[in-house]
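Spelled out, the chains give:
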Amino acid sequence: MTNMDAAMSDPGASDNDDLDMVLDPKVQESIGRSLKAHYDDIVSAPVPDKFLVLLAQLEATEQRAAGASSDERN
Amino acid sequence: MSATDLKAAEFKATEFKDGLIREIPNLRAFAASLSGSMQLADDLVQDTLLKAWGNSEKFEPGTSLRAWLFTILRNTYYSLYRKRGREVQDSEGTYAERMATHGNQESHLDLADFRKALAKLPEEQREVLIMVGATGLSYEEAAEICGVAIGTIKSRVNRARTKLAELLSIGSVDDLGPDRTSAAAMQRIGSETV
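Parameters and conventions
- Residues numbered from 1 in each chain as written.
- Chains lettered and ligands numbered in written order.
- Predicted model: local features only at pLDDT ≥ 70, side-chain atom pairs only at ≥ 80, totals over all residues.
- Helix = DSSP H or I, 4+ residues; strand = E, 2+ residues; numbered from the N terminus.
- Buried ≥ 20, exposed ≤ 12 C-beta atoms within 10 Å, placed from the backbone.
- Contact = placed C-beta atoms within 7 Å.
- pLDDT = per-residue confidence, 0-100.

**A closer look at the overall build of chain B**
Across its full length, chain B carries 10 helices and zero strands. In chain B, the succession of helices and strands from N to C terminus is α-α-α-α-α-α-α-α-α-α. Among the 194 residues that make up chain B, the fraction classed as buried is 39%. Taking the intrachain contacts of chain B between residues at least 6 apart in sequence as the baseline, contacts between residues at least 24 apart amount to 59%.

Listed below in structure tokens is the structure:
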């Protein structure tokens, strides 16, 4: 069961009963599939190297800083 | 800091970094959905990673890293990027019109049409529809990220779906094709079919 389905069967979702009834389940399903297709298309795209480079730099900076403070104590 | 502490800190940093790396594809997809531009999305993701790294001590282990990062990304978008997003879309069109698709080429046309419709939704509806419909976040997490009640999230999701169906003209016999004619008929009857 997806989150979207859960909302439809949730007895607590009484504030929008009028809207809940508007869309046919097959239309909802079709929108759900398109949403996933849109999102997953970007998720599966290659990640630009710059992000990995950035994180590696941040990590290296932090380790140097930690190493330096450790040296000061010893 | 003792050598043991140093090792522990290093391990923690590496673990956090690996978590960030795992979430980058989702951050890009969410950022693109918000801003309507892949280039802005990548700027937004970079800012988000920098802020997350600088505030890593504020992340509570055991909670959802994705939800935490989405909160940072969303706040950054609304405070810094929203205006730029509109400018980019005005000058270049939305990413829906320019973006190359990866993967399933068969659905290329449908996907482009869907993205154009998605871009037309009000931001507050679009972001929650993406969160609960595509990212795997719960309604509770979406409510926390947006700082609103769960009922508000549900209401926005419903309005977003209704609006999308309208924009995509789902329900007309022509658009649904013969195998979905019954769906169109059911939609016209509305609540009687539920």
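**Some points on the environment of F51 of chain A**
In this structure, F51 of chain A sits in helix α4 (residues 49-73). Its 18 C-beta neighbours within 10 Å are what place F51 of chain A among the partly exposed residues. In the structure, F51 of chain A is positioned 28 residues away from L23 of chain A in sequence and 41 Å away in space, judged by C-alpha atoms. Not counting chain neighbours up to four residues away, the residues in contact with F51 of chain A comprise I24, V45, Q46 and L49 of chain B.

**Re the confidence of the model for chain B**
Residues and elements named next belong to chain B. Of the residues in chain B, 74% have a pLDDT of 70 or more, and the chain-wide mean is 81. Predicted confidence is poor over residues 100-108, with pLDDT under 50, and the contacts of this stretch with residues over four places away or in other chains come to nine contacts. A low-confidence stretch, residues 176-194 (pLDDT under 50), is modelled with 23 contacts involving residues beyond four sequence positions or located in other chains. For this predicted complex, the interface score ipTM comes out at 0.77, alongside a pTM of 0.76.

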